[in-house]
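Summary of the model geometry
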Amino acid sequence: MASKLSSFGKILLRRRALHSSGEETRFARCLSTLDLIALGVGATLGAGVYVLAGEVAREKAGPAIVLCFLIAALSSMLAGLCYAEFGARVPKTGSAYLYSYVTVGEIWAFITGWNLILSYVIGTASVARAWSSTFDNLVEQKISDFFKASMAMKVPGNVLADYPDLFALILVLLLTGLLAFGVNESALVNKIFTCINLVVLCFVIISGFVKGDSVNWNLKQEDYFSFINKTNRSDKIEEEFGVGGFSPFGLTGVLSGAATCFYAFVGFDCIATTSEEAKNPMRSIPVGIVASLLICFFAYFGVSASLTLMMPYYQLNTQSPLPEAFTYVGWAPARYIVAVGSLCALSTSLLGSMFPMPRVIYAMAEDGLLFRVLSRVNTRTKTPLLATIVSGIVASLMAFLFDLAALVDLMSIGTLLAYSLVAICVLILRYQPGSLTSSSQTEKLVELVEGEKVAVNGGDSGDEYGMETEERPLREAFTAKLLFCPSVQIPTQTSGNIVYATTAIISVLMVILCVILANCLSQLLSGNAVVVVPCVILTLLCSVCVVIIWRQPESKEALTFKVPLLPWLPLFSVFVNIYLMMQLDLGTWCRFTVWMVIGFGIYFFYGIKNSSEAANRSSNRKYEPALQPKSPIYKGAPTDSDVEVGSSP
């Protein structure tokens, strides 16, 4: 019985071997670094920049919203840096799904991919409905009034929408056709809309600083009471005004606002799905992710600063803050410029949700975890045609029929789970012996870029690393001393296993700690011993785990990009992501459970038997394990040196 359970566990945790195949990629390598930056900015800098700043400033932070965006940007950058390192390590389609597969195993990869699909489908449908609603507002609700009068759907349970959104359906189908037609065309449309969006935001920022007044960053109670007297409103000084000044709602308001603003930076991960369509993925993906996050931060920071300078924070309209602010300073016609920017932002955000969705489906289908028919790539357009059409139809039907308000939080679970697993994978791989790129003297990664072979620096230190590997045993007997005092300065099998186990333990400890913080924060701040003592114990145990990981030898493998400050930065990213997940309500977790039951049904009845890794292992281990030292992943035709390297101990 024990042997069967052990065997089943090994099946669930089998890792994908990245191996050399005859063809370099089935996709068209046509995306430049600029294309990836535009894709990331477009997906991240959605309509939230036109709405979110007003909502957070009015209800949570006041002028200190600029600090909220700064904290949120730093937190998002942690996840972005982890994605950037993996983009440099694994230049293949699949994003967080593939990263999990090569590091922590098949079951975690399936969970990640399955939830990413859900996130992208709901994201696409909700943005399409938002686009339709924004356009409807421009024409004074004539579209919605017509559909409510002629096609109303009054179904109890708040599952279906009030009326079928035909406009959203057509919009998603049109973009599905654009994506199916080719990557070049999609990237061009995305760049045009992103440029228009950025021009409008620059206009908003410059206008805000020209027409703004610094007095609005230092408001006093007299200003609020004067506003109350003029408008004959009821006095809600604590709720609407706080204590005035730059940070009227204190540190609590800033942190609460930062948690909300964190979701404004979600979307950059779509860049990681373009690895097989980028001309130089190992350079373009890290640059694209970091650059897009920086551009988005400056845009959010500038818009929120100009908005709170133009108008007192307690007068902001949470639904349409920018048009109201321009009206307040006497520039009412500027609302039409804002409307154009908002529609362009929604268009790029919609494209950013739809672009990665078929590529994750393709990667899972190619590995056999989803139905293999979805992995077909059209030979003319070089796109995963069937996966694009199927995902587009599903998303369009959801936008057409469903009220998505209750489902939007499900997007957060999928995204935050992916962020956490990518950070964990980066942490684990940096302390493992061997390489995911190249570890021999004779192997170099070669990319096919526009018909020319270009050598890419995938592991310059492989020579030195390979020689050191031969001078020491890969395995050594485990002792408690190795936890804090490793015997060598380069990773061994034992030190790698220590990091694996310690990372698993600290992840569990963080989950427990975040559950307590999310549900008992007020008791913790009031000094309740029942809450304080467990938090202190968990924090100390986490600190011990961090020190154990920190003391282990780190890989000397050279990459085009590396996450700095290991292990602190990835672990802090995991903590932030888990804490935000624990903030979600019980209903969201119940819906998440239903989705996972459906997914596990597909995996255990289809994926586990049809997995490519299962086929590879049953055919006399055709490919070497992903983390085996001195086993090159990308290589050309076998040579004598290949055989020599492969046969070395």
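Remember, predicted model here, so these are calculated numbers, not experimental data.

**Looking at the nonpolar core**
Phe-69, Tyr-83, Phe-86, Phe-265 and Leu-370 are the most contacted members of the largest nonpolar core, which has 172 residues in total. Discounting chain neighbours no more than four positions away, the residues touching Phe-265 are Thr-44, Phe-69, Ala-72, Ala-73, Ser-76, Leu-293, Cys-296, Phe-297, Tyr-300 and Tyr-419.

**Some points on the confidence of the model for the protein chain**
Summarising the model, the protein chain shows a mean pLDDT of 81, and 86% of its residues fall at 70 or more. Throughout residues 437–473 the model reports pLDDT below 50, and contacts reaching past four residues in sequence, or to other chains, amount to 76 contacts. In the model, residues 620–649 has pLDDT below 50 throughout and makes 54 contacts with residues more than four positions away in sequence or in other chains.

**Examining the side chain of Ser-304**
Mapped onto the secondary structure, Ser-304 falls in helix α13 (residues 281–310). Within the structure, Ser-304 has its side chain in polar contact with the backbone oxygen of Tyr-300 (distance 2.8 Å). Ser-304 has contacts with Ala-53, Ile-65, Val-66 and Phe-69, leaving out every residue within four places of it along the chain.

**Remarks on the side chain of Glu-276**
Take Glu-276: it is sitting in the loop between α12 (250–262) and α13. Excluding residues that lie within four positions of it along the chain, Glu-276 makes contacts with Thr-25, Arg-26, Phe-27, Ala-28, Arg-29, Pro-91, Lys-92 and Thr-93.

**As for the pattern of salt bridges**
Per the counting criterion, the structure on display carries eight salt bridges. Linking Glu-85 and Arg-430 is a salt bridge whose minimum nitrogen-to-oxygen distance equals 2.6 Å. Residue Glu-85 is found in helix α4 (residues 65–89), and its partner Arg-430 is found in the loop between α18 (408–429) and β1 (445–449); the two are separated by 345 residues along the sequence. Of the two residues, Glu-85 and Arg-430, neither departs from the other in class, the shared state being buried. Classification of Arg-430 by relative accessible area gives buried; the value is 5%.

**Focus on the packing of aromatic side chains**
Applying the stated criterion across every chain, the model contains 33 aromatic pairs. Each ring, one from Phe-135 and one from Phe-167, has its centre 5.2 Å from the other, and the planes form 15°; the classification is stacked. With a gap of 32 residues between them, Phe-135 in helix α6 (residues 106–138) and Phe-167 in helix α8 (residues 166–181) connect regions that are remote in the sequence. Exposure remark for Phe-135: the relative accessible area of 28% places this residue in the partly exposed category. For Phe-167, a relative accessible area of 27% puts it in the partly exposed group. Arranged with centres 6.2 Å apart and planes meeting at 80°, the rings of Phe-249 and Tyr-313 form a pair that is edge-to-face. One end of the pair, Phe-249, is in the loop between α11 (237–241) and α12; the other, Tyr-313, is in the loop between α13 and α14 (321–328), and 64 residues separate them in sequence.

Cut-offs applied
- Residues numbered from 1 in each chain as written.
- Predicted model: local features only at pLDDT ≥ 70, side-chain atom pairs only at ≥ 80, totals over all residues.
- Heavy atoms only, no water.
- Core = buried A, V, L, I, M, F, W, Y, C linked by side-chain atoms within 4.5 Å.
- Buried < 20%, exposed > 50% of the residue type's maximum accessible area, 1.4 Å probe, protein only.
- Contact = heavy atoms within 4.5 Å.
- pLDDT = per-residue confidence, 0-100.
- Helix = DSSP H or I, 4+ residues; strand = E, 2+ residues; numbered from the N terminus.
- Polar contact = N/O pair within 3.5 Å; in protein donor to acceptor, adjacent residues only side chain to side chain.
- Salt bridge = Lys/Arg side-chain N within 4 Å of Asp/Glu carboxyl O.
- Phe/Tyr/Trp six-rings, centres within 6.5 Å; stacked < 30°, edge-to-face > 60°.

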